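The primary structure of each chain is shown beneath.
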Amino acid sequence: MGFFSFIQEIAMDLGTANTIIISNDKIVVDQPSVVALDRNNKMIAVGEAAKMMHEKTNPNIRTIRPLKDGVIADFSACEQMMRGLIKMVHSGSRLFSPSLRMVIGVPSGSTEVELRAVRDSAEHADGRDVYLIFEPMAAAIGIGLDVEAPEGNMIVDIGGGSTEIAVISLGGIVSNNSIRTAGDDLTADIQDYMFRQHNVKVSERMAERIKINVGSAITDLGDEAPEDFVVDGPNRITALPMHVPVCYQEIAHCIDKTIAKIESAVLSALENTPPELYADIVKNGIYLSGGGALLRGLAKRLTEKFNITFHVPEDPLHSVAKGAGIALKNVDRFSFLMR
């Protein structure tokens, strides 16, 4: 291989909650979007290792989630996180870092400034050839839809910081709706509910665990009902330990308003869809992707609300990254990639 520079191709889903990197058709990094810095802003941990420190740090260490609502909130922390995660891809003992050709998924509601921030961060992290792709488009490709066909497909991508809703036809986004309401809001709802209803303080990480174990979008899951989840935490008044069992119906009630916001965003995207494409969507159904697609009962609730079938693909968490990976192979063909 010698000392000549070479190019490595990677596709990245830079998410508020998790960052996923694909190289050579394989998911090589799937880590929380968290970075831990010391007092001098030097990176000491990234991904899972940094998440383990989250909410447990001392004054000499701070953990940062550089993305908020799907966009970069802390530019320098994001750059350090990207570098750290990219290092995991080529962790072998190399004498030099390769130049990177990258395709990165970005929210479809991003402003020019936000797109520039992602591109700059990628370039500072050794990206030589950087392409951006809107997340719903990447999700559609990752699910296996033919985005270039003269046919309407609708994607609802529920991430950690934003929900992206898009109608796609002929390789372009016909109508889209991007709202800053998503998985993090559900977590915050649960924290707030536990505090008000049970007088118990729970951390963001514990609220996330409650969401995963007993989160539900409907109050009747029948045979699929999960067992109650027991939460241990301090009483907010006495500070004495509490042992609180939580059932899925409670969580369904407490996250109901946030899910209703997602429903009204879907409705607004449907209202802006041309009639011919609307007919295609009714026929094909609507596809859910992102971590939010895993919420129990969500597809059922949305199907009943809109009278259109909502599908959950096999691996909704990785559909954006997989789509970005396919786009990476077709950079010359896909005209919707942004440079």
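Up top you'll find the structure we're talking about.
Small disclaimer: the values here were computed from a predicted structure and weren't measured.

**Student:** What am I meant to see in the sheet that holds strand E17 (residues 310–311) here?
**Tutor:** Backbone hydrogen bonds are what pair the strands of a sheet, in a parallel or an antiparallel way. Read across the open sheet, the 5 strands follow the order E13-E12-E11-E16-E17; overall the sheet is mixed. Each edge of the sheet is formed by a strand with only one pairing partner; in this case those strands are strand E13 (172–179) and E17. Bridge count between strand E11 (residues 153–158) and strand E16 (residues 286–289): 4 bridges; the pairing is parallel. Looking at the pairing, Val156 lines up with Leu288 of E16. Its contacts with the sheet place helix H8 (residues 256–271) against E11, strand E12 (163–169), E13, E16 and E17, and it is angled at close to 155 degrees to E13.

**Student:** Whenever I open this one, the sheet that holds strand E6 (residues 61–64) confuses me. Can you help?
**Tutor:** Read across the sheet, 3 strands follow the order E5-E4-E6 without closing on themselves; strand pairing throughout is antiparallel. Sheet topology places strand E5 (43–46) and E6 at the edges, where each strand pairs with a single neighbour. Direction aside, neighbouring strands of the sheet carry axes that sit 20 degrees apart on average. Strand direction decides the pairing type here: strand E4 (residues 35–38) and E5, joined by 3 bridges, are antiparallel. Across the sheet, residue Leu37 finds its bridge partner in E5, namely Met43. Against the sheet, helix H2 (residues 75–89) touches E4, E5 and E6, its axis set at about 60 degrees to E5.

**Student:** Hey, could you run me through the side chain of Ser108 in this one?
**Tutor:** Checked against the element boundaries, Ser108 lands in the loop between strand E9 (99–106) and helix H3 (112–124). Polar side-chain contacts of Ser108 include one of 3.2 Å to the side chain of Asn176. When neighbours within four sequence positions are excluded, Ser108 is seen to be in contact with Phe134, Pro136, Glu164, Ile173, Asn176 and Ser178.

**Student:** How should I be thinking about the pattern of salt bridges in this particular structure?
**Tutor:** A side chain with one charge may pair with a side chain of the opposite charge, provided their charged atoms come close. Under the defined criterion, the tally for this structure stands at 18 salt bridges. Put simply, Asp192 and Arg196 hold a salt bridge, and the shortest N to O gap is 3.2 Å. You can see Asp192 and its partner Arg196 sitting in helix H5 (residues 183–198), 4 residues apart, about one turn around the helix. On the basis of relative accessible area, Asp192 is assigned to the partly exposed category, the value being 39%. The partner of Lys300 in a salt bridge is Glu304, and the shortest N-O contact between them spans 3.6 Å. Here Glu304 and Lys300 lie together in helix H10 (residues 298–306), a separation of 4 residues that amounts to about one turn. Given the relative accessible area of 47%, Lys300 is considered partly exposed. Overlapping salt bridges, with partners in common, bring together Glu9, Arg101, Asp129 and Arg339 in one network.

**Student:** In this structure, what is going on with the nonpolar core? I would like to understand it.
**Tutor:** Here is a general trend for soluble globular proteins: nonpolar side chains tend to be buried in one another's company. Formed by 46 residues in total, the largest nonpolar core has its most connected members in Met154, Met194, Ile210, Leu288 and Phe310. In terms of residue count, H8 provides more of this core than any other element does, 6 residues in total. In this structure Leu288 touches Ile143, Val156, Ile158, Ala293, Leu298, Ala299, Leu302, Phe310, His311, Val312, Pro313 and Pro316, once residues within four positions along its chain are discounted. Listed in part, the 30 residues of the second largest apolar core include Ile64, Ile72, Ala77 and Met81.

**Student:** Hey, could you run me through the side chain of Thr163 in this one?
**Tutor:** Position of Thr163 among the secondary structure elements: in strand E12. At a separation of 2.6 Å, a polar atom in the side chain of Thr163 contacts the main-chain carbonyl oxygen of Thr181. Excluding residues within four positions of it along the chain, Thr163 makes contact with Val156, Asp157, Ile158, Asn177, Ser178, Ile179, Thr181, Ala182 and Ile262.

The rules behind these values
Residues numbered from 1 in each chain as written. Predicted model: local features only at pLDDT ≥ 70, side-chain atom pairs only at ≥ 80, totals over all residues. Heavy atoms only, no water. Pairing = 2+ DSSP bridges. Helix = DSSP H or I, 4+ residues; strand = E, 2+ residues; numbered from the N terminus. Contact = heavy atoms within 4.5 Å. Axes fitted to C-alpha atoms, helices over the stretch in contact; angles between N-to-C directions. Polar contact = N/O pair within 3.5 Å; in protein donor to acceptor, adjacent residues only side chain to side chain. Salt bridge = Lys/Arg side-chain N within 4 Å of Asp/Glu carboxyl O. Buried < 20%, exposed > 50% of the residue type's maximum accessible area, 1.4 Å probe, protein only. Core = buried A, V, L, I, M, F, W, Y, C linked by side-chain atoms within 4.5 Å.

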